[in-house]
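Topology and contacts: notes
What follows is the residue order along each chain.
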Amino acid sequence: MAGKLSIFLISPTYEKLLSTAVIVQGAVAQDMEVFIFASFAQVAFKKDEVEKFSKLGKDYEEYKDVAMRYLASKKVSWYSMLRDAKKMGKVRIVACSLVADMLGLKKEDFDPTLVDEVAGVATFVEEASNSDFVLYI
């Protein structure tokens, strides 16, 4: 199955990042092109945050310890899964320029193996308009 998937990733919580990574790997395995527009989720993509980011949503806080232990035992994380997906297929990750500006972030503040560029929402709209599937996470 070829095609294109666009994801508007707003939530900077581990369970949403992990879910996104799982979906992206599945899409890449199906030879799909993937575009991710990271809105507020971009805070997890910062150079100094990416490997230690572990904020869970309130609905999942009670599972944090068990979840982190499990993922560590499997030697897997949302960021390693996204990095692997980028190596295996066509995955492009863009940080929202509005949020980046609001938080005082520049392209060089992000993990270069994950974030390809900083751009405005018009980029997401253009990519989404040419996609077979669009997800809001």
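Before going into details, it helps to say that this report is about the structure given with it. (Residues numbered from 1 in each chain as written. Predicted model: local features only at pLDDT ≥ 70, side-chain atom pairs only at ≥ 80, totals over all residues. Heavy atoms only, no water.)

As a further point, take a nonpolar patch on the surface. A cluster of nonpolar side chains, namely F40, L98, M102 and L103, defines an oily patch on the protein surface of about 400 Å² accessible area. Within the secondary structure, L103 sits in helix 4 (residues 97-103). By relative accessible area, which is 40% here, L103 ends up partly exposed. (Patch = residues over 30% accessible without salt bridge, like charges linked within 9 Å, V, L, I, M, F, W, Y side chains within 5 Å. Areas by Shrake-Rupley, 256 points an atom, 1.4 Å probe, with all protein chains shown as cover. Salt bridge = Lys/Arg side-chain N within 4 Å of Asp/Glu carboxyl O. Helix = DSSP H or I, 4+ residues; strand = E, 2+ residues; numbered from the N terminus. Buried < 20%, exposed > 50% of the residue type's maximum accessible area, 1.4 Å probe, protein only.)

Our focus in this paragraph is the pairing of strand 1 (residues 3-9). Counting buried positions along strand 1 yields six of seven residues, so the element is predominantly enclosed. Pairing geometry for strand 1 and strand 2 (residues 32-38), over seven bridges, is parallel. Of the residues in strand 2, the one forming a bridge with G3 is M32. Read from strand 1 through helix 1 (residues 14-29) to strand 2, the crossover connection turns out right-handed. (Pairing = 2+ DSSP bridges. Right-handed = clockwise from strand over helix to strand, strands pointing away.)

Once that is clear, we can look at the side chain of S77. In this fold, S77 is placed in the loop between helix 2 (64-73) and helix 3 (78-88). Setting aside anything within four residues of it in sequence, one finds S77 in contact with Y14 and L18. (Contact = heavy atoms within 4.5 Å.)

Next up on the list: the sheet that holds strand 1. Ordered in space as 4-3-2-1-5, the five strands form an open sheet in which the pairing is parallel. This sheet does not close on itself; its edge strands, each paired only once, are strand 4 (117-119) and strand 5 (133-136). The average angle at which neighbouring strand axes cross in this sheet is 25 degrees, direction not considered. The strands touched by helix 5 (residues 121-129) within the sheet are strand 1, strand 2, strand 3 (91-96), strand 4 and strand 5, with strand 1 carrying the most contacts at an inclination of about 150 degrees. (Axes fitted to C-alpha atoms, helices over the stretch in contact; angles between N-to-C directions.)

Turning our attention to the packing of aromatic side chains. Applying the stated criterion across every chain yields a total of seven aromatic pairs. Residues F8 and F37 carry aromatic rings whose centres are separated by 5.4 Å and whose planes lie at 40 degrees to one another, so their mutual orientation is tilted. Of this pair, F8 sits in strand 1 while F37 is found in strand 2, placing the two residues 29 residues apart along the sequence. In this pair, the class of F8 matches that of F37, namely buried. Ring-pair connections join several aromatic residues into one group, and the members of that group are F8, F35, F37, F124 and Y136. (Phe/Tyr/Trp six-rings, centres within 6.5 Å; stacked < 30°, edge-to-face > 60°.)

For the rest of this paragraph, the subject is the nonpolar core. Grouped together as the largest cluster of nonpolar side chains are 34 residues, with contacts concentrated most on V24, F45, W78 and L82. Take this core: its biggest share by element is six residues, from helix 1. Non-local contacts of F45, meaning those with residues more than four positions away in its chain, are made with L9, L17, A38, W78, L82, I93, F110, D111, L114 and V115. Residues F8, V94, A119 and F124 belong to the second largest nonpolar core, which totals nine residues. (Core = buried A, V, L, I, M, F, W, Y, C linked by side-chain atoms within 4.5 Å.)

A positive phi angle is found at D31, which is not glycine, with a value near 60 degrees. Of note in the backbone geometry, K75 takes a positive phi value of approximately 55 degrees without being a glycine. For K75, the location among the structural elements is in the loop between helix 2 and helix 3. A residue is classified by how much of its surface remains accessible, and K75, at 74% relative accessible area, is exposed.

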